[in-house]
Every structure is written in structure tokens, then in C-alpha cells.
Amino acid sequence: RQQEQQQRQRQRQPPKVEVPAKLVLHMMKDKELRGKLQSLGLPTDGQRKELEERYSSYRRFIQAKLDEGSCLTQTELRIAFLRQQKHLATALRTAAAPITNTLTFLASGPSGWGSKLGGSGRDSAAAASSHAALIADTKRRKEEQRRLQQQQQQKEQEEQQQQQQQ
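Heads up: these notes are all about the structure in this document.

About the criteria used
- Residues numbered from 1 in each chain as written.
- Predicted model: local features only at pLDDT ≥ 70, side-chain atom pairs only at ≥ 80, totals over all residues.
- Heavy atoms only, no water.
- Core = buried A, V, L, I, M, F, W, Y, C linked by side-chain atoms within 4.5 Å.
- Buried < 20%, exposed > 50% of the residue type's maximum accessible area, 1.4 Å probe, protein only.
- Helix = DSSP H or I, 4+ residues; strand = E, 2+ residues; numbered from the N terminus.
- Contact = heavy atoms within 4.5 Å.
- Axes fitted to C-alpha atoms, helices over the stretch in contact; angles between N-to-C directions.
- Left-handed = near helix turned anticlockwise from the far one by under 90°.
- Nonpolar A, V, L, I, M, F, W, Y, C, P; charged D, E, K, R; others polar.
- Expected span 1.5 Å × (residues − 1).
- Arc of directions from axis to C-beta.

### Overview of the nonpolar core
In step 1: Ranked by size, the top nonpolar core spans 14 residues in total, and within it Leu42, Tyr55, Tyr58 and Ile62 carry the most contacts.
In step 2: Those elements giving two or more residues to this core turn out to be helix H2 (30-39), helix H3 (48-68) and helix H4 (74-94).
In step 3: Looking at this core, the element that brings in the most residues is H3, giving 5 residues.
In step 4: Among all residues touching tyrosine 55, those that are not within four sequence positions of it are Pro20, Ala21, Leu23, Leu25, Leu33, Lys36, Leu37 and Leu40.

Structure representation (C-alpha cells):
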């Protein structure tokens, strides 16, 4: 009976998940950083900045999930993180061309726009999410503008037809 109670208590307690240590990544050698990522079960491919961002993002992801009270295990959290990163990479690939146009537009606009995208200390995941939202908003506005232009053209054509009939 005691064993059953102990098992129930273990089931109620969330699994022990450790947040990866905050490291001074720019002081580490590439090989050390890749080793740390590998020990966490994360991909080790990519350039130096990508590796640093991957480690930092993973660390923030784990901390956020623990703050939410997640009951997932370390492995389940790693899998969820990798899925999130894959989804983000896919979104960035499909939106690559519009991002370039949008960034050019923002760079030429008011001074406040450019500061939101560069050098403000935002992590690349948040910046990518911001870019994706901006792209979606731009597409939505263009569609709305096209629709309004079509309506205007239809009205003009109807007016011309009415004038011709009179």
C-alpha cells in the first residue's frame, strides 16, 4: 500500500526539468558550444550565431515552459522546442522574398520603424515572428487595397454605362 501511495505522489509531481545554465557564449569555442548543444540533444549544424541563438532560445523556451507549470519531461520539452524551431524555419523560408521587400520599405520609412527590427537585443525567434506578422499584415493591406480598387473600377464602369445609355 505504501508503494502505491509513493507511485501516486510521483505521478502528481512534475518531472524534474533543469534549465540549461546561462553561459557566456561568446567566450566559448565553437567546439565547446557544439558539444553543449549535442549534450542537450539539439542540432549542431549552422554558423556560430545560429548556434548561440539556438542555445539561448532553448534556454528561454525551457524557462518559459517551467514558468507555465508544464508537466512535460526534459525530452518532451526538447521535442516541442525542435518542432517550434522547425515551424519557424519553414515560415521564414516561405516568406523570404516578402521579408526583403518589407525590410527595404521599413528602412526607408520613419526612424521608429527601423529600430524595431535591428540591434534592439531581440532574439531572432521573436524578430522572425515579428517579421512574419508584418508580412501577413502587409499582404492583408495589399489585398484590401486591390479589392477597393476593383470596387472603384466597377463603379466607374457602371457610371460610364449609365452615361452612354442616357
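### Some remarks on the packing of H2 against H3
In step 1: Where H2 meets H3, the closest approach of the two axes is 10 Å, and the angle between their N-to-C directions is 40°. Our pair here, H2 against H3, has a crossing hand that is left-handed. Counting all contacts with H2, which are made through Asp30, Leu33, Arg34, Lys36 and Leu37, the residues of H3 involved are Arg48, Leu51, Glu52, Arg54 and Tyr55.
In step 2: Of the residues assigned to the contact of H2 with H3, the class counts are 4 nonpolar, no polar and 6 charged.

### Quick look at H4
In step 1: Its 21 residues give H4 an end-to-end C-alpha distance of 30 Å, which sits within 8% of 30 Å, the value for a rise of 1.5 Å per residue.
In step 2: All of the buried residues along H4 are Leu77, Phe81 and Leu88. Taken around the axis of H4, the buried residues stretch over an arc of 40°, which confines them to a single face. Those residues of H4 that are exposed and angled more than 90 degrees off the buried face are Arg83, Lys86, His87, Arg93 and Thr94.

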